[in-house]
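Secondary and tertiary structure notes
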Amino acid sequence: MAIMVEQEEKQTNWTFVIGSIVFVGILFAGLYYLFFKSPGTIEGIVVSGSQQQIVTIANTKFDYKPVLDQLGVYSNNFSAPIPPTSLGRPNPFQAQ
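Just so you know, these numbers come straight off a predicted model, no measurement behind them.

1. Points about the overall build of the protein
- Check the secondary structure of the protein and you find 4 helices and 0 strands.
- Expressed as a percentage of the 96 residues in the protein, the buried residues total 1%.
- When the accessible surface of the protein is split by element, carbon and sulfur atoms take 64% of a total near 10200 Å².

Following this line, the structure appears as structure tokens:
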């Protein structure tokens, strides 16, 4: 005598499948819009005002030529030669 046991087929939850596809679609559409369609949007969200000022200051080009020309007027040699001094014995390993 043979007993046949059949497993019940699981029902597919179509609401979950369709909801997941819609969620993934909305997620990809949002990421595409933020990063590719208008990348300035994400920059406005992430970068604060003080960070934008830092970028502006970092990109500023300074003209140092007039400053160096003004320093040339004051570049006199104010240092005097330092006289050589004798410190200690000429050969510290020599006995006295």
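2. Overview of the confidence of the model for the protein
- Residues of the protein with pLDDT of at least 70 account for 78%, and the chain-wide mean is 78.
- Helix H2 (residues 40-46) is the least confidently modelled element of the protein, averaging 64 in pLDDT, while helix H1 (residues 14-37) averages 91, the highest of any element.

Criteria and thresholds
- Residues numbered from 1 in each chain as written.
- Predicted model: local features only at pLDDT ≥ 70, side-chain atom pairs only at ≥ 80, totals over all residues.
- Heavy atoms only, no water.
- Helix = DSSP H or I, 4+ residues; strand = E, 2+ residues; numbered from the N terminus.
- Buried < 20%, exposed > 50% of the residue type's maximum accessible area, 1.4 Å probe, protein only.
- Areas by Shrake-Rupley, 256 points an atom, 1.4 Å probe, with all protein chains shown as cover.
- pLDDT = per-residue confidence, 0-100.

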